[in-house]
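Chain residues, written in single-letter form:
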Amino acid sequence: MNQPVNQRTAGVVDPILSTHARGYRNLEFIGHLLFPRVTVPTRSMRVLKFGKESFRMLNTRRAPGADKKRVQYGYASDPVSLVQDALEGLVPIEHQEEAAKVPGIDLGRGAVNMVLNVVDLGLEFDIAALARDPANYDANHKTALAGTDRWTDDASDPKADIDAAQEMIRRSIGRYANTLELGPSAFNAAKNHPKVKEQFKYTSKDSITAEMLAAYFDVARVIVGKAVYLPENADDDTLATDVWGDDAILAYVPMQGENFMVPSYGYTYELNGYPQVTKPYFENSNDSWIYPTKTERRPYLTGAEGGFLIQNAGDAS
């Protein structure tokens, strides 16, 4: 029986689907690994950015009776400006009736997942745009490869490029980057590079993986940005564009925890209680259940000196 929408039920949050939405991650998206999602309590707080002082080693020794030193990481910069994305998933009642005959099918959760895939692709695009914009880096933290320096050329040296970038990050923040993001063509160029293949020719007969590249480049993890997108009004026969292009990005990012006060290359600020799924309602005009879903979040580059942008590492897309 279809329950009509009224003032009492229309705005009520569905706790089960909202909890599911907060834990959902599309495994093809990697933006949250460069810009970890952290919960912020209100929309009125300020973005916490990190300068070199956030990475310094302090002298904490104290003489008896002397004042204790105090430390506060980061500095409050511009006010947080979260953006809201809202989309409704639709489940026709005919699908619901068919699914009811097969135990274990959760069309409501599937509708929410579909919506989150769409809005998370938008977030992935926004994160990549921030990370790949050379204007966000100073001259010491970016390079644009050309000619024989591109990793698609056998004469290039990807390891030397990464080592040089690592040293610049270390000299800026006192620690090495732990994450290397590769666009698809940069990943293919790296794993098929003769210098890389030479390194592994006696140890493995398998294809070179991201984990093997992490060992080769001496980073904790290599992540590959596989996401593609089509503009909303693109023709069906238009080829999709790589979200992460042909670049390589080194970054120092906390590997665990959700504390935005820890120094990091970037964060995605997400309002407490979001993503939020309101209770589904039945739409008589199309005989469908509607699942409204909202997010309130925004990515910020909070410590650009903890990153290094290598443009044009792979083939141009």
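Residues numbered from 1 in each chain as written. Predicted model: local features only at pLDDT ≥ 70, side-chain atom pairs only at ≥ 80, totals over all residues. Heavy atoms only, no water.

Peer 1: Describe the nonpolar core, and please don't skip the residues or the numbers.
Peer 2: By size, the foremost hydrophobic cluster in this structure holds 31 residues, and its most contacted members are Trp151, Leu180, Leu182, Leu213 and Leu250. Counting only elements with at least two residues in this core, the list comes to helix 5 (158-173), strand 6 (179-182), helix 6 (184-191), helix 7 (194-200), helix 8 (210-217), strand 7 (221-224), strand 10 (248-251) and strand 15 (307-311). For this core, the element with the highest residue contribution is helix 8, accounting for 6 residues. Within the second largest apolar cluster, 19 residues are counted, among which are Ile223, Ala227, Ile249 and Val253. (Core = buried A, V, L, I, M, F, W, Y, C linked by side-chain atoms within 4.5 Å. Buried < 20%, exposed > 50% of the residue type's maximum accessible area, 1.4 Å probe, protein only. Helix = DSSP H or I, 4+ residues; strand = E, 2+ residues; numbered from the N terminus.)

Peer 1: How would you explain unusual backbone geometry if you had to name every residue and give the values?
Peer 2: Geometrically, the link from tyrosine 274 to proline 275 is a cis peptide bond, its omega value of -5 degrees lying close to zero. Among the secondary structure elements, proline 275 is positioned in the loop between strand 11 (267-271) and strand 12 (276-277). For aspartate 287, which is not a glycine, the phi torsion comes out positive at approximately 50 degrees. Position of aspartate 287 among the secondary structure elements: in the loop between strand 13 (281-283) and strand 14 (288-300). For aspartate 287, a relative accessible area of 35% puts it in the partly exposed group. Located in the positive-phi region is asparagine 312, a residue other than glycine, with phi close to 65 degrees. Residue position: asparagine 312 is located in the segment after strand 15. Asparagine 312 gets classed as partly exposed once you look at its relative accessible area, which sits at 27%.

Peer 1: Just give me the short version of the pairing of strand 7, but keep the residues and values in it.
Peer 2: Here strand 7 shows a buried face lined by Arg221 and Ile223 and a second buried face lined by Val222 and Val224. Summarising the sheet, strand 6 and strand 7 pair through 4 bridges and their orientation is parallel. Counterpart to threonine 179 in the pairing with strand 7 is arginine 221. (Pairing = 2+ DSSP bridges.)

Peer 1: Quick rundown of the sheet that holds strand 7? Include the residues and the values.
Peer 2: Each strand in a sheet pairs with another by means of backbone hydrogen bonds, the pair being arranged parallel or else antiparallel. Pairing is mixed in the open sheet, where 5 strands are placed in the order 5-15-10-6-7. Where the open sheet ends on each side, the last strands, each with one partner, are strand 5 (142-144) and strand 7. Recorded for the sheet is a direction-independent mean angle of 15 degrees between the axes of neighbouring strands. Bridge count between strand 5 and strand 15: 3 bridges; the pairing is parallel. Each bridged residue has a counterpart across the sheet, and for alanine 144 the counterpart in strand 15 is glutamine 311. The strands touched by helix 5 within the sheet are strand 6, strand 10 and strand 15, with strand 15 carrying the most contacts at an inclination of about 150 degrees. Where helix 8 meets the sheet, it contacts strand 6 and strand 7, and its direction lies at approximately 135 degrees from that of strand 7. (Axes fitted to C-alpha atoms, helices over the stretch in contact; angles between N-to-C directions. Contact = heavy atoms within 4.5 Å.)

Peer 1: Break down the environment of phenylalanine 35 for me, citing the residues and quoting the values.
Peer 2: Along the chain, phenylalanine 35 turns up in the loop between helix 2 (31-34) and strand 1 (37-40). Take phenylalanine 35: its relative accessible area is 0%, and that puts it in the buried class. Those residues within four positions of phenylalanine 35 in sequence are excluded, and the remaining contacts are Ile127, Leu130, Ala131, Tyr265, Gly266, Tyr267, Thr268, Pro299, Tyr300 and Leu301.

Peer 1: Hey, could you go over the packing of helix 6 against helix 8 for me, with residue numbers and the actual values?
Peer 2: It is at 11 Å that the axes of helix 6 and helix 8 come closest, and there the two elements cross at 70 degrees. As the angle between them shows, helix 6 and helix 8 are arranged roughly perpendicular. In the packing of helix 6 onto helix 8, the handedness of the crossing is left-handed. In this structure, helix 6 contributes Phe187, Ala190 and Lys191 to the contact, and helix 8 contributes Ala210, Leu213 and Phe217. (Parallel < 35°, antiparallel > 145°, perpendicular 65-115°, else oblique. Left-handed = near helix turned anticlockwise from the far one by under 90°.)

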